[in-house]
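# Examining the three-dimensional arrangement
Below are the chains, spelled out letter by letter.
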Amino acid sequence: MTDRDIALLLADAADGVEVGIAPTQAVIRGGRRRRARRWAVATATALAIVGSTATLALAGLPGDGHQVAPAVTQRPTPTPAAFQDAPHRTTLATGTDQGTKWKVFIDVWGAPRDEAEAQAQLTAMAEYEESAPDVRKASDLIGKVAYFVYRGYGDTTSPVLENTVVASDAMADTDLTSGALPLVPGADNPVRLGIGSVSKTAERVLCHIKDGDGISLTKAPTSDATDNVEPAIRSAEGSPYNWFVCVAPKGTEFESAEVTALS
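Residues numbered from 1 in each chain as written. Predicted model: local features only at pLDDT ≥ 70, side-chain atom pairs only at ≥ 80, totals over all residues. Heavy atoms only, no water.

## Structural notes on the overall build of the protein chain
Along its length, the protein chain carries two helices and twelve strands. Burial status across the protein chain gives 49% buried among its 263 residues. Taking all contacts inside the protein chain whose residues are at least 6 apart in sequence as the whole, residues at least 24 apart take part in 65%. A total accessible area of about 11900 Å² is found for the protein chain, and carbon and sulfur atoms account for 51% of it. (Helix = DSSP H or I, 4+ residues; strand = E, 2+ residues; numbered from the N terminus. Buried < 20%, exposed > 50% of the residue type's maximum accessible area, 1.4 Å probe, protein only. Contact = heavy atoms within 4.5 Å. Areas by Shrake-Rupley, 256 points an atom, 1.4 Å probe, with all protein chains shown as cover.)

## Brief notes about the state of the cysteines
Tallying each qualifying case throughout the model produces one disulfide. Here cysteine 207 pairs with cysteine 246 through a disulfide, and the sulfurs are 1.7 Å apart. Judged by the sign of its S-S torsion, about 50°, the bond between cysteine 207 and cysteine 246 is right-handed. Within this pair, whereas cysteine 207 is found in strand β8 (residues 204-210), its partner cysteine 246 is found in strand β11 (residues 242-247), the two being separated by 39 residues in sequence. The same class applies to cysteine 207 and to cysteine 246, which are both buried. (Disulfide = S-S within 2.5 Å.)

## Focus: the packing of aromatic side chains
Taken as a whole and judged by the stated rule, the model has four aromatic pairs. Relative to tyrosine 128, the ring of tryptophan 109 has its centre 5.7 Å away and its plane inclined at 75°; by these criteria the two rings are edge-to-face. Note that tryptophan 109 is positioned in strand β3 (residues 100-109) and tyrosine 128 in the loop between α2 (115-127) and β4 (144-153), a separation of 19 residues in sequence. Tyrosine 128 shares its class with tryptophan 109; the two are buried. For the ring pair tyrosine 147 and tryptophan 243, a centre distance of 5.2 Å and an interplane angle of 75° mean the geometry is edge-to-face. You can see tyrosine 147 sitting in strand β4 and its partner tryptophan 243 sitting in strand β11, a full 96 residues away along the chain. On the basis of relative accessible area, tyrosine 147 is assigned to the buried category, the value being 0%. (Phe/Tyr/Trp six-rings, centres within 6.5 Å; stacked < 30°, edge-to-face > 60°.)

## Regarding the confidence of the model for the protein chain
In the predicted model, the protein chain carries a mean pLDDT of 75, and 66% of its residues have values of at least 70. Under a pLDDT of 50 for its full length, residues 6-81 has, in the predicted model, 188 contacts with residues more than four places off or in other chains. (pLDDT = per-residue confidence, 0-100.)

## So, the pairing of strand β2 (residues 88-97)
Bridge count between β2 and β3: nine bridges; the pairing is antiparallel. What sits directly across from arginine 89, in β3, is aspartate 107. Remark: two residues form the turn of the hairpin made by β2 and β3, two consecutive strands paired antiparallel; glutamine 98 in that turn has positive phi of roughly 50°. (Pairing = 2+ DSSP bridges.)

## Things to note about the pairing of β8
Across a regular strand the side chains alternate sides, sitting on one face of the sheet and then on the other. Counting buried positions along β8 gives five out of seven residues, so the element sits mostly inside the fold. As paired elements, β8 and strand β9 (residues 215-218) share four bridges and run antiparallel to each other. Residue pairing for β9: arginine 204 is matched across the bridge by threonine 218. Between β8 and β9, which pair antiparallel and follow one another directly, the connecting turn spans four residues, one of which, aspartate 211, has a positive phi of 55°. Where β8 meets strand β12 (residues 253-259), six bridges bridge the pair, whose relative direction is antiparallel. The residue of β12 that forms the bridge with cysteine 207 is alanine 257.

## Here's the deal with the sheet that holds β9
To summarise the sheet geometry, strands pair through backbone hydrogen bonds and adopt either a parallel or an antiparallel arrangement. The strand order across the open sheet formed by three strands is β9-β8-β12, and the pairing between neighbours is antiparallel. The strands lining the two open edges of the sheet, one partner per strand, are β9 and β12. Taking each pair of neighbouring strands and ignoring which way they run, the sheet shows an average axis angle of 25°. (Axes fitted to C-alpha atoms, helices over the stretch in contact; angles between N-to-C directions.)

So this is what it looks like as structure tokens:
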């Protein structure tokens, strides 16, 4: 039995349980709660946490030195819901912390239409060192979108969130799923980085900062440059949800987030 098999069994055994912030320093908060199967990333020490449609594997897990490979090249947009030989990669946010550049990005794989496309896509995923969660055989991937969120800090790129969802899935107006982890890799560092998903209709997200002022995010203009991506609510090609990233100032921590109306 592999570590990944053990992790899946642990996740299944924990079904129906919501775990707090320790020891992975991760939390998921939601509006309307939605059941989702959990997934722990390839290690028996990873803690699976459920709240909505996604599962987080964060802070101090093996793989903090993981480099995503190979680099994504520009390719023509494939036929909708067809096999992809490379993910759609979207940068969700970038910045500089104490002189070190950081970024958060997401890889999204479209939903295969049949078992042949699903098998080909699983093979392509392996080239990117990505493995679709909840998928034990190729047919499990049919009709599902797989996505993988990464944190980059300096020369280190770490996977922080992964999930598979039905391509037609949608979140309600106030639904929100968020997780928190250190901006700087290392379990003992402050939990400053908040990452979350919201509905396509959400216009504003308020990030609550421990012992600090809140951070208000609105939808980003479509004309944003990809080399300087300020935190905002952003779409990611192929994803049924929009995404946001909050960074708490040095000396504080991310606490929670909520969808609010534009004032």
